[in-house]
Amino acid sequence: MSAAHAVDGVRVPFGTRMRNWWGSLDRWQQWAVLIPVVVLIYLLPVLNPPLLTTEPGTNFQITLFNAARIALIAIGLNIVVGQAGLLDLGYVGFFAVGAYTTAVLSSPDSFLNSQYPWLICVPAAMFVTAVSGLILGAPTLRLRGDYLAIVTLGFGEIVRLLADNLDPLRGQRGFAAIPGPEVTRADGSQIFTATNGTPWYWLTITVIIIVLMLVGNLERSRVGRAWVAIREDEDAAEAMGVPTFRFKLWAFAMGATIGGLSGSIYAGQVGFINSQGFDVVTSILFLAAVVLGGSGNKVGVILGAFIIVYIPDRFQVIAEYRFLIFGLAIIVLMIFRPQGLLGARQRLLTYGRRAYQRLIGKGEQISSESALGKHQEGVVR
Amino acid sequence: MITHVTSVLAQDGLVDFNFGLLVDRFWANTIDGLAYGSIYALVAIGYTLVYGVLRLINFAHSEIFVIGVFATYFAFAAMGFAPGGTAQVALLPLIGSLLVAGIVAMLASGASAVLLERVAYRPLRKRGAPPLVFLITAIGASFAIQQIFLITLGGNSQPSIRLLRPTEVFSVFGARVTNIQILTFVAAIVLMVVADTFVNRTRLGRGVRAVSQDPTTATLMGVNRERVFMLTFLLGGVLAGAAALFYLMTIPAAAVYNGGFLLGIKAFTAAVLGGIGNLRGALLGGLVLGVAENYGQTFFGGEWRDVIAFVLLIIVLMFRPTGILGESLAKARA
């Protein structure tokens with residue numbers, strides 16, 4: 001399809017053209033483009049390209065791992081914020097629950113004294129966070145959207161305060177010696193160590209790819225359509241027979257699970273966690289990644305996560321000001337480009353775009369349908 | 001759900017319930033709670049007003065409050081009060097200094113609230129942005145203001161300047177009532193009455209209520225909507241500035257960049273508790289929260305103090321989302 005340039009004198013934006021071009025490719029052609037890109041992404045820590053590298057300031061492999069870790073979180077948060085349109089400000093709470101579950105099960109400091117291997121802790125952590133997502137969601141998801149934001153903010157704080165004050169969770173002393181995956185080289189040395197980011201980066205990238213496939217399928221299913229319908233207009237969705245509460249809960253639990261997975265990976269990598277570092281600032285940073293990259297767009301949120309981790313590490317001068325810069329960036333972005341750097345374009349119908357094009361001919365002139373991109377001229381609330 | 005969790009925790013002996021202490025300290029807790037709760041109430045008005053008129057949770061309001069705290073602090077410093085110890089001042093200069101500091105704080109908070117509305121929210125309104133965008137902008141603004149303070153003034157709180165030492169004026173059932181507490185409580189009530197009268201009795205206040213009921217119709221009836229929005233932010237900011245003065249008098253070492261976060265959430269809880277959008281509800285909610293928090297602190301132990309507000313918020317939103325008095329800025333009689 002070559003509806004690339006101008007339709008009826010209307011200039012088609014670059015992003016749309018890219019999207020159309022991508023959509024017009026066959027499946028194997030898409031793979032032919034994707035595979036080299038993915039291979040390149042995998043090779044990044046080994047190549048350590050001169051201009052791109054964050055060294056000598058920060059270890060490049062660790063930076064990459066952190067970017068991948070935040071990207072995974074952003075993908076999870078994107079389900080909640082971008083897909084279902086629920087503003088979750090306590091996402092760090094789920095991340096913390098995942099990290100703490102892993103720590104409690106595996107650390108020698110734990111009261112359980114069980115020291116399960118990391119690979120068992122990961123599904124356990126995902127399960128516990130999914131349950132905590134359901135527990136938090138069940139009473140709160142019936143609330144109005146803006147109330148939900150503040151309740152989730154409270155939840156994030158409660159998790160932190162529990163970690164701080166409950167004696168078995170060890171507060172500031174924390175849990176040390178949390179193991180990673182037990183994989184050894186031929187000479188018996190561990191592959192997954194806290195100082196070497198490369199294997200962790202590869203692991204996380206692999207997890208991200210798997211999660212992306214699963215989430216992508218979910219989004220193209222009835223569940224995903226229900227989410228978008230809820231995001232666009234909850235009342236209308238309810239009226240059309242979408243069980244909104246159940247699907248919101250679903251989104252919440254899915255998002256929580258991915259947050260827990262990420263927390264588990266994080267705990268394994270750093271090997272030590274305590275009640276520090278799970279504060280609201282971190283939560284807002286996660287949100288910044290999603291909003292910056294483009295809420296509702298999976299590629300966008302990965303880009304957003306990369307930006308918020310990589311930029312401060314690469315340009316050390318701004319590291320001190322990064323939170324300020326991200327805060328200001330959010331304001332500016334919301335005014336001038338509320339859909340983020342890469343906006344979402346998901347249709348209510350999975351094949352809506354194609355159906356639409358068949359109907360009116362070609363081209364793409366509906367404005368963005370993202371929850372954040374729906375600026376209506378002249379309408380004042 | 002969370003109460004259930006805590007009861008389970010109690011069985012394991014993780015949380016000590018202290019019923020005897022609660023009885024012993026009942027009156028002291030009540031009095032402290034009323035005084036501290038009136039600070040919540042003053043900040044809560046800002047949330048309530050903006051929510052009533054714009055249907056927006058102004059997340060950055062907590063930072064407006066922090067601006068007031070720093071303004072008070074630097075006003076104290078500029079008037080020659082040094083950190084450490086209590087300043088030795090005669091009564092009249094003391095009242096004068098407090099008044100000046102209060103006015104400075106109110107001006108600073110009020111002006112920055114109006115500025116925030118201009119810079120962050122008005123452009124969004126012009127574009128007809130959806131609610132989620134407003135909310136995210138508010139969070140971004142809150143974050144940015146907090147970081148400005150962190151970068152310019154550092155992460156530690158400013159050394160405390162104390163103008164007035166808390167001294168017992170009289171006692172209720174053995175619980176002492178200090179001069180600062182009386183001052184805070186009375187001033188809060190007076191300011192609330194003034195704000196309530198302003199919204200319910202004056203011509204400008206009628207405009208506020210009209211916009212709150214129906215912005216479009218109000219505009220057609222000749223109400224200047226933009227001016228009402230500005231006024232709303234100004235009033236909320238000024239009261240937050242006043243709250244900042246009493247806050248800093250109560251806790252002199254509280255001038256710190258992230259001091260607004262918890263207080264902001266609690267003030268919001270107070271607003272929801274009383275019925276968001278309802279001025280009298282904000283007062284009631286603030287006082288109830290202040291007292292409840294103190295009882296809870298005595299009962300469960302000090303480290304759970306901040307959890308209580310959150311749990312209360314969730315419970316209120318679950319069972320009575322319209323709050324104790326209902327959401328009625330708009331419904332108030334003309």
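Remember, predicted model here, so these are calculated numbers, not experimental data.

This paragraph deals with the overall build of chain A. Across its full length, chain A carries 14 helices and two strands. Across the 381 residues of chain A, 47% fall into the buried class. Partitioning the intrachain contacts of chain A with sequence separation of at least 6 by distance along the chain shows that 77% fall at a separation of at least 24.

For the rest of this paragraph, the subject is the overall build of chain B. Counting its regular elements, chain B contains 13 helices and two strands. What you see for chain B is a C-alpha radius of gyration of 20 Å, in line with the 20 Å of a compact globule of 334 residues. Partitioning the contacts of chain B with sequence separation of at least 6, the portion at a separation of at least 24 is 79%.

Let us now look at the packing of helix α13 (residues 322–336) of chain A against helix α6 (residues 131–153) of chain B. Across the interface, α13(A) lies against α6(B) with an axial gap of 8 Å and an inter-helix angle of 150°. The angle between the axes of α13(A) and α6(B) places the two elements in the roughly antiparallel class. Handedness of the α13(A)/α6(B) crossing: left-handed. Across the interface between the two elements, Phe323(A), Leu324(A), Gly327(A), Leu328(A), Ile330(A), Ile331(A) and Met334(A) from α13(A) touch Val133(B), Ile136(B), Thr137(B), Gly140(B), Ala141(B), Phe143(B), Ala144(B), Gln147(B), Ile148(B) and Ile151(B) from α6(B).

Our focus in this paragraph is the interface of chain A and chain B. Contact residues are listed per partner, giving 44 residues for chain A and 40 residues for chain B. Those elements that place two or more of their residues in the side of chain A that touches chain B are α5 (118–140), α6 (145–165), α11 (280–293) and α13 of chain A. The dominant element in the side of chain A that touches chain B, judged by the number of residues it contributes, is α6(A), at 12 residues. Each residue belonging to the side of chain A that touches chain B can be placed in one class, and the counts come to 28 nonpolar, nine polar and seven charged.

As a further point, take unusual backbone geometry. Of note, Arg170(A) is a non-glycine position whose phi angle comes to about 65°, a positive value. Inspection of the secondary structure puts Arg170(A) in the loop between α6 and α7 (197–220). For Arg170(A), a count of 22 C-beta atoms within 10 Å puts it in the buried group. Backbone geometry places Arg55(B), a non-glycine residue, at a positive phi of 55°. Within the secondary structure, Arg55(B) sits in the loop between α3 (26–54) and α4 (61–78).

The next point concerns the UniProt feature "transmembrane region" (unreviewed entry) in chain A. Residue and element names in this part refer to chain A. As recorded in UniProt, the feature "transmembrane region" (unreviewed entry) lies at residues 28–47, 68–96, 116–138, 145–163, 200–218, 249–272, 284–311 and 323–342. In this annotation, residues 284–311 is assigned 86% helix and 0% strand; the end-to-end C-alpha distance for the span is 17 Å. Helix makes up 70% of residues 323–342 and strand 0%, whereas the separation of the span's terminal C-alpha atoms amounts to 21 Å.

All names here are of chain B. Look at α6: 33 Å from first C-alpha to last across 23 residues, which is about the 33 Å you get at 1.5 Å a residue. Taking burial as the measure, the 23 residues of α6 include 17 buried ones, the bulk of the element. Where α6 ends, the next residue or the one after it, Gly 154, has phi of about 85°, a positive value.

So, on to the nonpolar core. Soluble, globular proteins show a tendency: their nonpolar side chains are buried together. In this structure, Ala71(A), Ala74(A), Ala289(A), Ala305(A), Ala41(B), Leu42(B) and Ala243(B) are the most contacted members of the largest nonpolar core, which totals 217 residues. In terms of residues, this core owes the most to one element, α3(B), which gives 17 residues. In contact with Ala305(A), other than residues within four places in its own chain, are Ala67(A), Ile70(A), Ala71(A), Ala74(A), Ala289(A) and Gly293(A).

Quick look at the pairing of strand β1 (residues 168–172) of chain B now. Residue and element names in this part refer to chain B. For β1, a buried count of zero out of five residues is recorded, marking the element as mostly open to its surroundings. One ladder, built from four bridges, connects β1 with strand β2 (residues 175–178); its direction is antiparallel. Paired with Val 172 across the strands is Ala 175, a residue of β2.

Before going further, it helps to spend a moment on the packing of helix α3 (residues 60–83) of chain A against α11(A). All names here are of chain A. Across the interface, α3 lies against α11 with an axial gap of 9 Å and an inter-helix angle of 75°. The angle between α3 and α11 places the two elements in the roughly perpendicular class. Residue-level contacts link Ile 70, Ile 73, Ala 74, Leu 77, Asn 78, Val 81 and Gly 82 of α3 to Phe 286, Leu 287, Ala 289, Val 290 and Gly 293 of α11. Its residues placed into classes, the contact of α3 with α11 shows nine nonpolar, three polar and no charged.

Now for the environment of Gly128(B). By the secondary structure assignment, Gly128(B) is in the loop between α5 (91–126) and α6. Along the chain, Gly128(B) and Phe65(B) lie 63 residues apart, while their C-alpha atoms are 28 Å from each other.

Further remarks concern the confidence of the model for chain A. The predicted coordinates ought not to be read in detail in places where the model reports low pLDDT. Residue and element names in this part refer to chain A. Confidence in the prediction for chain A averages 81 pLDDT; 86% of positions are at 70 or higher. Residue range residues 1–7 is modelled with pLDDT below 50. Its contacts to residues more than four positions away, or to other chains, number 15 contacts. Across residues 346–350, confidence stays below pLDDT 50; counting only partners more than four residues off in sequence or on other chains, it has 11 contacts.

Take helix α12 (residues 298–314) of chain A next. Residue and element names in this part refer to chain A. Taking 1.5 Å as the rise per residue, α12 with 17 residues should run 24 Å; its terminal C-alpha atoms sit 24 Å apart, in good agreement. The sharpest bend along α12 comes to roughly 25°, located at Ile 307. Burial within α12 is extensive, with 12 of its 17 residues counted as buried. When α12 is considered as a whole, its buried residues turn out to be Lys 298, Gly 300, Val 301, Ile 302, Leu 303, Gly 304, Ala 305, Phe 306, Ile 308, Val 309, Pro 312 and Asp 313. Where α12 is buried, its residues meet α3, α7, α11 and α13.

Definitions and limits used
- Residues numbered from 1 in each chain as written.
- Chains lettered and ligands numbered in written order.
- Predicted model: local features only at pLDDT ≥ 70, side-chain atom pairs only at ≥ 80, totals over all residues.
- Helix = DSSP H or I, 4+ residues; strand = E, 2+ residues; numbered from the N terminus.
- Buried ≥ 20, exposed ≤ 12 C-beta atoms within 10 Å, placed from the backbone.
- Contact = placed C-beta atoms within 7 Å.
- Rg over C-alpha atoms; globule rule 2.2 N^0.38 Å.
- Axes fitted to C-alpha atoms, helices over the stretch in contact; angles between N-to-C directions.
- Parallel < 35°, antiparallel > 145°, perpendicular 65-115°, else oblique.
- Left-handed = near helix turned anticlockwise from the far one by under 90°.
- Nonpolar A, V, L, I, M, F, W, Y, C, P; charged D, E, K, R; others polar.
- UniProt positions renumbered as here; feature names shortened; annotations may be inferred.
- Expected span 1.5 Å × (residues − 1).
- Core = buried A, V, L, I, M, F, W, Y, C linked by C-beta atoms within 7 Å.
- Pairing = 2+ DSSP bridges.
- pLDDT = per-residue confidence, 0-100.
- Bend = angle between axes of the 7 residues up to and from the residue.

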